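Results of the structural survey
Next come the chains, spelled out residue by residue.
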Amino acid sequence: MSRESRPIGVFDSGIGGLTVVAEIARQLPKEKIVYFGDTARLPYGPKSTETVTQFAIQDTEFLLRHDVKMVVVACNTASSLAVDELRSRYDIPIVGVIEPGALAAVSSTLIGKIGVIGTEGTITSHAYRESIQRLDSEIETIEQSCPLFVPLAEEGWTDREVTLVIAHEYLAPLRNAGVDVVVLGCTHYPILKGTIQKVFGPTVTLIDSAEETAGDVAQVLTEFDIANNSGEEPAHRFFVSDVPHRFREQAERFLGAELPDVNVVSIDELVAFGR
């Protein structure tokens, strides 16, 4: 297989990273994708830095077995806690979701007040705040963890009254602070974009990290001259560490298309890959 025609590897703790897959497929329709969702060990958000980093190494090693040309860390928690370690270990491009989202937020704010919502791990790491500060030290960043958003997204409860009530509760501090831009700092959150926008109203811009990350992937492919120009129809492959039937149901809802076979990778295999 030529260097350019090798697939892009993408991993997440579960199904949220499929929002990134969908955007890569939309923006880069010639690229093949290998996706791994660590559904047996989700969520990564509440876990320690050491645990998340170890999981991220194992996930990356698994993708490398499929001869990927780059790895996209489609998990905000792993991006905030483990990307630096992955970049120091591997000589292929590693793209996270933090930097693209931070850059888009800084470019979009008119008043210098940005909100960031995410899992507990992402928010306590302050990865977005630090990335934003590196770009513009004058910007004020207000952070808020929204742990219930992940199960609500995975259940498909996008239009339920309970989802709107929870969103109002979580997002009140950001509304009170008067932010004009909010970063959806978890790849699950774009699924709830309609509800989140309803809480903030039309004057607040939502930054979808999945869209921004796909744009970053396109830039990396060009920079390293590894974009696929073969003209072949791309074939995507999907792997999980547990409950493939449930993943398939959710993934088809996310992607709006039938999936090929979803294969299971055992935790023992993942641990062996990461040694």
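These notes cover the structure that comes with them.

Cut-offs used in this document
- Residues numbered from 1 in each chain as written.
- Predicted model: local features only at pLDDT ≥ 70, side-chain atom pairs only at ≥ 80, totals over all residues.
- Heavy atoms only, no water.
- Pairing = 2+ DSSP bridges.
- Helix = DSSP H or I, 4+ residues; strand = E, 2+ residues; numbered from the N terminus.
- Axes fitted to C-alpha atoms, helices over the stretch in contact; angles between N-to-C directions.
- Buried < 20%, exposed > 50% of the residue type's maximum accessible area, 1.4 Å probe, protein only.
- Right-handed = clockwise from strand over helix to strand, strands pointing away.
- Contact = heavy atoms within 4.5 Å.
- Core = buried A, V, L, I, M, F, W, Y, C linked by side-chain atoms within 4.5 Å.

It is worth spelling out the sheet that holds strand β5 (residues 113–118) at this point. Read across the open sheet, the 4 strands follow the order β6-β5-β7-β8; overall the sheet is parallel. Bordering the open sheet on either side are β6 (140–145) and β8 (205–208), each of which pairs with just one other strand. Taken over all neighbouring pairs, the strand axes of this sheet differ in orientation by 25° on average, direction set aside. Sheet analysis places β5 next to strand β7 (residues 181–185), joined by 5 bridges and oriented parallel. Within β7, the residue paired with I117 across the bridge is L184.

Moving on, we come to the pairing of β7. Each regular strand shows side chains that alternate between the opposite faces of the sheet. Counting buried positions along β7 yields 5 of 5 residues, so the element is predominantly enclosed. Because side chains alternate across β7, one face comprises the buried residues V181, V183 and G185, and the other comprises V182 and L184, equally buried. Once the chain exits β7 it traverses helix α9 (residues 193–200) before rejoining the sheet at β8, and the crossover so formed is right-handed.

Pairing within the open sheet is parallel, and its 6 strands lie in the order β4-β3-β1-β2-β9-β10. The open sheet has two edge strands, β4 (94–95) and β10 (262–264), and neither has a second partner. With 4 bridges joining them, strand β2 (residues 33–37) and strand β9 (residues 237–240) adopt parallel strand pairing. Looking at β9, one finds that V34 is bridged to R237. Helix-sheet contacts for helix α2 (residues 49–64) involve β1 (8–12), β2, β3 (70–73) and β9, and the interaxial angle to β1 is about 150°.

The next point concerns the pairing of β2. Most of β2 is tucked away, with 5 of its 5 residues classed as buried. Across the two faces of β2 the burial is the same, with I33, Y35 and G37 and V34 and F36 all buried. Where β1 and β2 come together, 5 bridges link them in parallel fashion. Paired with I8 across the strands is I33, a residue of β2. What joins β1 to β2 is helix α1 (residues 18–27), and the crossover it makes is right-handed.

Time to look at the nonpolar core. Residues V10, L18, I24, V217 and F247 are the most contacted members of the largest nonpolar core, which totals 27 residues. At the level of elements, β1, α1, β2, β3, α10 (209–223), β9 and α11 (244–255) are the ones that each hand at least two residues to this core. Top element by residues in this core is α10. It accounts for 5 residues. Excluding its chain neighbours within four sequence positions, the residues that come into contact with I24 are I8, V10, P29, I33, V72, A214 and V217.

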